[in-house]
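The residues making up each chain are set out below.
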Amino acid sequence: MPRIATLYFRTAIIFLIIGIAMGLNMAISQDHSAIGAHAHANLLGWVTMAIFGGYHALNPAKALRRIAMIQYLIYTAGVALMVPALYLMLTGYPEMEPVVAIASLITFAGVLLFAVIIFGGETSASRATALQ
């Protein structure tokens, strides 16, 4: 499996653990004000990153391109900044809103780069494999 796929799966499981921990904390405290942060950790962190990892595992030629690692770093930085900032904003720190906005834009840039990877031209190795 390509290194980038492994990185995505490992990062995804970390976000799943964080998302479940937030969910448990909300259930125990009966305070569900951070539901948005919980959802973002699970959907942008766990689910989306696992899908990105699966794509790279199925497309190893594209996974080896430099843009794949750049995209991983940008997207991961955006989500890693967004989740705690959103948690703080939703639990009583409205001054975190600009941080959430910046993190959202970084995350979106990572998604756009993933679109470039998907729609980008096939490499010669992947074309040769498809012909077999």
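Here's what I pulled together on the structure shown here. Given the structure is predicted, the values throughout are model-derived calculations rather than measurements.

Thresholds, definitions, all that
Residues numbered from 1 in each chain as written. Predicted model: local features only at pLDDT ≥ 70, side-chain atom pairs only at ≥ 80, totals over all residues. Heavy atoms only, no water. Helix = DSSP H or I, 4+ residues; strand = E, 2+ residues; numbered from the N terminus. Expected span 1.5 Å × (residues − 1). Buried < 20%, exposed > 50% of the residue type's maximum accessible area, 1.4 Å probe, protein only. Contact = heavy atoms within 4.5 Å. Core = buried A, V, L, I, M, F, W, Y, C linked by side-chain atoms within 4.5 Å. Axes fitted to C-alpha atoms, helices over the stretch in contact; angles between N-to-C directions. Parallel < 35°, antiparallel > 145°, perpendicular 65-115°, else oblique. Left-handed = near helix turned anticlockwise from the far one by under 90°. Nonpolar A, V, L, I, M, F, W, Y, C, P; charged D, E, K, R; others polar.

Observations concerning helix 1 (residues 3–29)
In this model, helix 1 (27 residues) spans 39 Å end to end at C-alpha, consistent with the 39 Å of a helix rising 1.5 Å per residue. All of the buried residues along helix 1 are I4, A5, Y8, T11, A12, F15, L16, G19, M22, G23 and M26. Contacts from the buried residues of helix 1 go to helix 2 (35–58), helix 3 (60–63) and helix 4 (66–90). The first or second residue beyond helix 1 is Q30, which carries a positive phi of 60°.

Re the nonpolar core
Core analysis: the largest hydrophobic core is formed by 23 residues, its most contacted members being I4, Y8, M49, Y75, V79 and V83. Elements with a contribution of two residues or more to this core: helix 1, helix 2, helix 4 and helix 5 (97–119). Of all the elements, helix 4 adds the most residues to this core, at seven residues. Not counting the four nearest positions on each side in its chain, V79 is found in contact with F15, L44, G45, M49, P84 and T107.

Digging into the packing of helix 4 against helix 5
Relative orientation of the contacting elements helix 4 and helix 5 amounts to 155°, with a least axis distance of 7 Å. Between helix 4 and helix 5, the crossing angle belongs to the class labelled roughly antiparallel. Where helix 4 crosses over helix 5, the two elements pack in a sense that is left-handed. Looking at the contact of helix 4 with helix 5 residue by residue, the class counts come to 22 nonpolar, five polar and one charged.

A look at unusual backbone geometry
One non-glycine residue with positive phi stands out, namely Q30, at about 60°. If you trace the backbone, Q30 turns up in the loop between helix 1 and helix 2.

What to know about the environment of A21
Here A21 is to be found in helix 1. Look at A21 and you get partly exposed, because its relative accessible area is 42%. With 17 residues separating them along the chain, A21 and H38 place their C-alpha atoms 8.7 Å apart.

The quantities given are spatial measurements derived from coordinates; they are silent on function.
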